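Structural overview
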Amino acid sequence: SHQILDYLERTNTFIIPVDDRYGWYRYHRLFGDLLRQRLIQTTGRGRIKALHHQASLWFECNGYMEEAVTHSLAAEEFERAADILQQRVLTSGFCQREIARVINWLGKIPENLILDRPALCIADAWHQSTLKGGEYQIPMQRIEVAQRLLEQDKHTLSESLVTMREAQIVTLRVILSKQQRVPWPEVAELTEHALACVKNENNQLRGLLYLNLGQAYLGSGDISSVSYSLAEARRVAGVAGDLATNIWAAYIQANIIQRQGRLNEAATTFRQIIQTIKKTAAGANKPAPISGALYTGLGRILLSQNNLAEGERLLHDGISLLESTHETLLLCDGYFALARLKSVVGEAEETLMLLERVANLFPGGEVIAETERVRHWLRSINIDPSALNAVQLWAEEQSLELDNMGEIPAIFHEGEWLYDKATTLARVQVALSRIQGRSNGQGRLEKVLDFLSQQIHYAKTSGWMERVGELFILQSVAYDAIEEREQALVSLDQAFKYFESHDQLRAFLDEGEAMAGLLY
């Protein structure tokens, strides 16, 4: 047989080696399709199912569990497929990569078989929690069933397996608590409890829990604890080889650095992580899809620094990777940044198309898209007469009381969207006052200036220096709109103070003619 295989390979006759040691071969794809078609034409359905059954047995006996499951499903032996998944596949520490492999299989297995097996319930709960819209009711039902099954079967399972399943359940409860919008301090407390329950050797789950703890601390405003938690998430995830958790933690770390006003440092952080990931994945045909977040994050910073060509390339690269993931929030960031870039360069049709994608990504996406749509209209007022009407109508529909907003925390992502909406409304009020004249805008801009002063104070106190610089720029053009030139230049000088060493150009350029009048 070795001689025959060697001859067939040398003569390029229908077979292709699939490993370096020439131990495995496959038929040429067209020849394989031909044989399968001939089998269907000449053999009954029952015989084909029997062949799949035999193949499944062989693969299971030889340790190829994924292939064993695939052939069991093809043979319509759903119970056998469920058993293999339960006993031979879902037996490790449980991570996103492992669940990604079984998602398609779970969709082919009858629900009653899933509900009889705790490992499948847990896997399905994880999958359901990642679906578009962040559904949590079905996942909660699944983990309640899994908990009950574990209690019933404890005496028949090993202690280590029970401990692992319980760790998976408590980790899922943490993740679902965020989707239920449990207050951040409670999420942090729940996560700390979960970390106490999950053993140190289970690095996959501990890395994920540290990531969630960092997000909870961020939501609570405890930045010092965020740094430690995210560093631990990356360290532990690195040991476990969990790329998704590692990248998510790095993405948030770099975003915090950016929000603190250190754009060059944030860009360097993204570049270093990208290089590390490339070295780790050396030899892979394509970067891991989740790594797209690193490219979009860096692209967004380059947009802020007005490096439009490289920024656009990175945004496109990152989005093309993220589009094959379930990470809608990361994809939203990418679309949003690319839409802003397209608006800046005057590509209106592309801008609105990208914002439509943002609006359709998940419930609430329209709220995110509308602010950038208004910013785009503001940029277009001089060339598109209808843009002014659209901006005025939007402003009239808003119920925000700018002078009574209170602190808007820099939470990824809810706080940022509210901040964007409030500052966009302020920017619209300033633009309308410039167009309609000082007499019409005086009272309106007093509230805007009160809002900006409040937010500058809050941003300074929290250390969000990127906001401070942006707010001083907006304050400068607001003072200029009511002809308080001296105060406008004082605010502008403050903005330069925060941005001069970080190459933040876009925040100034985005104000267009209003900024040009102050600079010259």
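What you are looking at is a predicted structure, and each value in this text was computed from that prediction instead of being measured.

Conventions used here
Residues numbered from 1 in each chain as written. Predicted model: local features only at pLDDT ≥ 70, side-chain atom pairs only at ≥ 80, totals over all residues. Heavy atoms only, no water. Helix = DSSP H or I, 4+ residues; strand = E, 2+ residues; numbered from the N terminus. Buried < 20%, exposed > 50% of the residue type's maximum accessible area, 1.4 Å probe, protein only. Contact = heavy atoms within 4.5 Å. Areas by Shrake-Rupley, 256 points an atom, 1.4 Å probe, with all protein chains shown as cover. Patch = residues over 30% accessible without salt bridge, like charges linked within 9 Å, V, L, I, M, F, W, Y side chains within 5 Å. Salt bridge = Lys/Arg side-chain N within 4 Å of Asp/Glu carboxyl O. Phe/Tyr/Trp six-rings, centres within 6.5 Å; stacked < 30°, edge-to-face > 60°. Expected span 1.5 Å × (residues − 1). Arc of directions from axis to C-beta. Core = buried A, V, L, I, M, F, W, Y, C linked by side-chain atoms within 4.5 Å. Polar contact = N/O pair within 3.5 Å; in protein donor to acceptor, adjacent residues only side chain to side chain. Axes fitted to C-alpha atoms, helices over the stretch in contact; angles between N-to-C directions. Parallel < 35°, antiparallel > 145°, perpendicular 65-115°, else oblique. Left-handed = near helix turned anticlockwise from the far one by under 90°. Nonpolar A, V, L, I, M, F, W, Y, C, P; charged D, E, K, R; others polar.

With that settled, the discussion passes to the overall build of the protein chain. Helix and strand content of the protein chain: 27 helices and two strands. Expressed along its principal axes, the backbone C-alpha trace of the protein chain runs to roughly 90 × 55 × 40 Å. Counting every position in the protein chain, which comprises 520 residues, the buried fraction comes to 48%. Intrachain contacts of the protein chain at a sequence separation of at least 6 include 60% that bridge at least 24 residues. With an accessible surface of roughly 25200 Å², the protein chain has 50% of that area assigned to carbon and sulfur atoms.

As a further point, take a nonpolar patch on the surface. Residues Val18, Trp24, Trp58 and Tyr64 make up a contiguous nonpolar surface patch of roughly 390 Å² in combined accessible area. Along the chain, the position of Trp24 falls in the loop between β1 (15–17) and β2 (25–27).

On to the packing of aromatic side chains, then. Evaluated as defined, the whole model comprises 14 aromatic pairs. Between Tyr27 and Phe31, the aromatic rings sit 5.1 Å apart at their centres with planes inclined by 80 degrees, giving edge-to-face as the arrangement. Between the aromatic rings of Trp248 and Tyr251, the centroid separation amounts to 6.0 Å while the plane-to-plane angle is 85 degrees, which identifies the pairing as edge-to-face. Here Tyr251 and Trp248 lie together in helix α14 (residues 243–259), a separation of three residues that amounts to about one turn. Each member of the pair, Trp248 as well as Tyr251, is classed as buried. The structure contains a cluster of three or more aromatic residues connected by ring pairs, namely Trp24, Trp58, Phe59 and Tyr64.

With that settled, the discussion passes to helix α19 (residues 348–361). Between its first and last C-alpha atoms α19 spans 20 Å; for 14 residues at 1.5 Å apiece the expected length is 20 Å, and the two agree. Within α19, the full set of buried residues consists of Thr351, Leu354, Leu355, Val358, Ala359 and Leu361. Summarising the axial view, the buried residues of α19 lie within an arc of 160 degrees, below the 170-degree limit, and thus occupy one face.

Core analysis: the largest hydrophobic core is formed by 87 residues, its most contacted members being Leu211, Leu218, Ile252 and Ile256. Of all the elements, α14 adds the most residues to this core, at 10 residues. When residues no more than four places from it in sequence are discounted, the contact partners of Ile252 are Leu211, Gln215, Leu218, Leu230 and Phe412. In terms of nonpolar packing, the next biggest core, distinct from the first, is built from 45 residues, Val374, Leu492, Phe499 and Phe508 among them.

Quick look at unusual backbone geometry now. With phi around 60 degrees, Glu76 is a residue other than glycine that occupies positive phi space. For Glu76, the location among the structural elements is in the loop between α4 (65–74) and α5 (78–89). Overall, the relative accessible area of 36% leaves Glu76 in the partly exposed class.

Another aspect to go through is the pattern of salt bridges. Counted according to the given criterion, the structure contains 32 salt bridges. Between Lys154 and Glu166 there is a salt bridge whose closest N-O contact spans 3.4 Å. Remark: Glu166 occurs in helix α10 (residues 159–179) and Lys154 occurs in the loop between α9 (137–153) and α10; sequence separation between them is 12 residues. Residues Glu312 and Lys342 are paired through a salt bridge, measuring 2.6 Å at the closest nitrogen-oxygen approach. Placement of Glu312 in helix α17 (residues 308–322) and of Lys342 in helix α18 (residues 328–344) is noted, with a sequence separation of 30 residues between them. Connected via shared salt-bridge partners are Arg340, Glu372, Arg375, Arg379, Arg506 and Asp510.

Within the secondary structure, Thr296 sits in helix α16 (residues 292–304). Given a relative accessible area of 2%, Thr296 falls into the buried group. One polar contact links the side chain of Thr296 to the main-chain carbonyl oxygen of Ala293, over a distance of 3.1 Å. In this view, Thr296 contacts Leu314, Leu315, Gly318, Ile319, Leu322 and Gly334; residues no more than four positions away in its chain are not counted.

Put simply, helix α22 (residues 414–436) and helix α24 (residues 465–481) touch, their axes get as near as 9 Å, and they point 20 degrees apart. The angle between α22 and α24 falls in the class roughly parallel. Our pair here, α22 against α24, has a crossing hand that is left-handed. On α24, the residues touching Gly415, Glu416, Tyr419, Thr423, Ala426, Arg427, Val430 and Arg434 of α22 are Arg467, Glu470, Leu471, Leu474, Val477, Ala478, Asp480 and Ala481. Here the residues of the contact of α22 with α24 sort into eight nonpolar, two polar and six charged.

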